[in-house]
Amino acid sequence: MSKIKVFSSLHNLKALSIEIVDEIPDHEILEPSDPQRAIDTALLVAIVGVLGTSLGAIITGVFNVLKTTESQKIIIVGKSGRKIEVPASTSKADLDEIIELSKSIDVDRIEF
């Protein structure tokens, strides 16, 4: 099992938590340690399996949350530092392709 961190300085991660709870029950939201620091963001940590179905649930959940916000994109970052930037307007068909591509970069974190 590995951990994927989801960072968001713009959104409440509770909405994402609700989106993924059925598929990834083993996750937690960590609030910023010092709300006065602009660098800190809310953080959701999900323990996911290596097969990537959980990764798909997280990415799909982020896009569902983005539909109700003004965010323009998500950034998927691999452990090596490779990034995939995905516009919030990405279609469902393209989203499936992005999920497959994400599996190849050993995702470390997702930012939106």
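Undergrad: Give a description of helix α3 (residues 92-103) that names residues and reports values.
TA: An α-helical turn contains 3.6 residues, so any two residues separated by three or four positions project in the same direction. With twelve residues, α3 should cover 16 Å at 1.5 Å per step; its first-to-last C-alpha distance of 17 Å lies within 8% of that length. Listing the buried residues of α3 in full gives Leu95, Ile98, Ile99 and Ser102. Viewed end-on, α3 has its buried residues packed into an arc of 105°, placing them on one side of the element. Pointing more than 90 degrees away from the buried face of α3 are the exposed residues Ala93 and Glu97.

Undergrad: Please set out the confidence of the model for the protein chain residue by residue, giving values where relevant.
TA: Close reading of the predicted structure is inappropriate where its pLDDT is low. Mean pLDDT for the protein chain: 75, with 70% of residues reaching 70 or above. Taking the mean pLDDT of every element in the protein chain, the minimum, 58, falls on strand β3 (residues 42-48) and the maximum, 93, on strand β5 (residues 83-87).

Undergrad: Talk me through the pattern of salt bridges; I want residue IDs and the actual numbers.
TA: Per the counting criterion, the structure on display carries six salt bridges. With a closest N to O distance of 2.9 Å, Lys73 and Glu85 form a salt bridge. With Lys73 in strand β4 (residues 73-78) and Glu85 in strand β5, this residue pair connects regions lying twelve residues apart in the sequence. Glu85 sits in the partly exposed class, given a relative accessible area of 47%. Of the charged contacts in the structure, one is a salt bridge between Glu111 and Arg109, with a shortest N-O distance of 2.6 Å.

Cut-offs applied
- Residues numbered from 1 in each chain as written.
- Predicted model: local features only at pLDDT ≥ 70, side-chain atom pairs only at ≥ 80, totals over all residues.
- Heavy atoms only, no water.
- Helix = DSSP H or I, 4+ residues; strand = E, 2+ residues; numbered from the N terminus.
- Expected span 1.5 Å × (residues − 1).
- Buried < 20%, exposed > 50% of the residue type's maximum accessible area, 1.4 Å probe, protein only.
- Arc of directions from axis to C-beta.
- pLDDT = per-residue confidence, 0-100.
- Salt bridge = Lys/Arg side-chain N within 4 Å of Asp/Glu carboxyl O.

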